[in-house]
Amino acid sequence: MKKLIDYYIDMDEKAEEALKKGQYLGKGHNGIVYLLPDNKIMKIFIEPKVCLDEYYIFKNVSTSKYFPKTYKHGDYYIIRDYVGGERLDYYIIREGMDRNISINLIKLIKEFKRLNFKRLDIRCKDIYVQEDKSLMVIDPKNSYSKEVIYPRHLMKGLNKIGALEEFLYVVKEEESEYYNLWNHRIRRYLDKNIK
Ligand SMILES: Nc1ncnc2c1ncn2[C@@H]1O[C@H](COP(=O)(O)OP(=O)(O)O)[C@@H](O)[C@H]1O
Ligand SMILES: [Mg+2]
């Protein structure tokens, strides 16, 4: 409780009131997330540097439909829209991989390029599938700081749930340029790391 009171000092009255009515949603390595009454969430960070870096990413992607809208931030918190739907890997395990999802994943990586991300990668757990099969990213990391030229974590995650071959099949059909690089790199990576 003491820690929370410290965080309140960082907030204006409105944010503090909203948090008091908030419900725990989840946590990760960097913070803890509460659902606020108006379908927004508040992510409270352990490190202000991580908070600022993440806020910077969200500010830069404000034109993108793939990310929740961000409203407000302090040194230790960010308020943004709640993202419903289901985690990508859980969705695929339940429903199976399908062509629409693969196409939307390719579009998502294209969107990362459009946004000038250096890291063209994202983990399955940070993508949520919406009812119309569109995708939303809840937790982008190192987007502008770490150079990653192909979606390794994404494909590694798809491989784990048996969806990689179907994904690469669609990549080959839709974006042969991506296919050459992605296929070559992920095979090499899996060969080295799994056997
Ligand atoms: N915008 C959001 N909408 C719904 N749930 C969210 C949202 N952001 C985070 N969460 C939930 O909170 C958890 C932790 O948030 P996350 O941003 O991944 O924190 P960390 O940076 O510590 O990994 C997520 O795994 C998810 O369950
Ligand atoms: Mg996370």
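Residues numbered from 1 in each chain as written. Chains lettered and ligands numbered in written order. Predicted model: local features only at pLDDT ≥ 70, side-chain atom pairs only at ≥ 80, totals over all residues. Heavy atoms only, no water.

Engineer: Could you give me a rundown of the sheet that holds strand 5 (residues 77–81), with the residues and numbers involved?
Structural biologist: The strands making up a sheet associate through hydrogen bonds between their backbones, and the pairing can be parallel or antiparallel. The antiparallel open sheet is built from five strands, whose spatial order is 1-2-3-5-4. Each end of this open sheet is capped by a strand with a single partner; those strands are strand 1 (23–27) and strand 4 (70–73). In this sheet, neighbouring strand axes are inclined to one another by 25 degrees on average, regardless of whether the strands run parallel or antiparallel. Of the strands in this sheet, strand 2 (31–35), strand 3 (40–45), strand 4 and strand 5 are in contact with helix 2 (residues 13–20), which crosses strand 3 at around 100 degrees. Across the sheet, helix 3 (residues 48–60) is in contact with strand 3, strand 4 and strand 5; its angle to strand 5 comes to roughly 30 degrees. (Pairing = 2+ DSSP bridges. Helix = DSSP H or I, 4+ residues; strand = E, 2+ residues; numbered from the N terminus. Axes fitted to C-alpha atoms, helices over the stretch in contact; angles between N-to-C directions. Contact = heavy atoms within 4.5 Å.)

Engineer: Describe the environment of L164, with residues and values.
Structural biologist: For L164, the position within the fold is in helix 7 (residues 164–174). Overall, the relative accessible area of 1% leaves L164 in the buried class. Between the C-alpha atoms of L164 and R123, which are 41 residues apart in sequence, the distance is 14 Å. Leave out the neighbours within four places in its chain, and L164 touches M155, L158, N159, I186, R187 and L190. (Buried < 20%, exposed > 50% of the residue type's maximum accessible area, 1.4 Å probe, protein only.)

Engineer: Residue-level account of the nonpolar core, with values.
Structural biologist: Inside soluble globular proteins, nonpolar side chains tend to come together where they are buried. Core analysis: the largest hydrophobic core is formed by 41 residues, its most contacted members being F67, L88, L105, F112, L158, F167 and W182. Going through the elements one at a time, helix 3, helix 4 (88–95), helix 5 (99–114), strand 7 (127–129), strand 8 (135–137), helix 6 (152–160), helix 7 and helix 8 (176–194) are the ones with two or more residues in this core. Here this core takes seven residues from helix 5, the largest share from any one element. Mapping this core onto the domain boundaries places at least three of its residues in each of domain 1 (2–81) and domain 2 (86–194). Not counting the four nearest positions on each side in its chain, L105 is found in contact with L88, M97, I127, L135, L154, L158 and F167. Residues A18, Y34, M42 and Y77 belong to the second largest nonpolar core, which totals 10 residues. (Core = buried A, V, L, I, M, F, W, Y, C linked by side-chain atoms within 4.5 Å. Domains from an automatic or database assignment.)

Engineer: Any details on the site of ligand 1? Residues and values, ideally.
Structural biologist: Taken together, 17 residues sit near ligand 1, with N30, K43, V83, D139 and K141 positioned nearest. D81 has a polar backbone atom sitting 3.1 Å from a nitrogen atom of ligand 1. One nitrogen or oxygen atom from the side chain of K141 is found 2.9 Å from an oxygen atom belonging to ligand 1. Compared with its free state, where it exposes 550 Å², ligand 1 has 89% of that area covered by protein. (Near = heavy atom within 4 Å. Polar contact = N/O pair within 3.5 Å; in protein donor to acceptor, adjacent residues only side chain to side chain. Areas by Shrake-Rupley, 256 points an atom, 1.4 Å probe, with all protein chains shown as cover.)

Engineer: Summarise the domain arrangement of the protein; cite the residues concerned and give the values.
Structural biologist: Looking at the assigned domains, one finds that the protein contains domain 1 (2–81) and domain 2 (86–194). The distance between the C-alpha centroids of domain 1 and domain 2 comes to 26 Å. Taken together, the contact pairs 15 residues of domain 1 with 17 residues of domain 2. Roughly 1,200 Å² is buried in total at the junction of domain 1 and domain 2, and carbon and sulfur atoms are behind 63% of that figure. Considering only the surface of domain 1 that becomes buried against domain 2, I57, Y66 and F67 emerge as the three largest contributors, covering 51% of it. The interface formed by domain 1 and domain 2 holds one salt bridge in total. (Buried area = accessible area lost by both parts, 1.4 Å probe. Salt bridge = Lys/Arg side-chain N within 4 Å of Asp/Glu carboxyl O.)

Engineer: Can you lay out the packing of helix 6 against helix 7 for me, pointing to particular residues and giving the numbers?
Structural biologist: Here helix 6 crosses helix 7 at 130 degrees, and the two axes come no closer than 7 Å. Comparing the axis directions of helix 6 and helix 7 gives the class oblique. Residue-level contacts link M155, L158 and N159 of helix 6 to L164, F167 and L168 of helix 7. Grouping the constituent residues of the contact of helix 6 with helix 7 by class yields five nonpolar, one polar and no charged. (Parallel < 35°, antiparallel > 145°, perpendicular 65-115°, else oblique. Nonpolar A, V, L, I, M, F, W, Y, C, P; charged D, E, K, R; others polar.)

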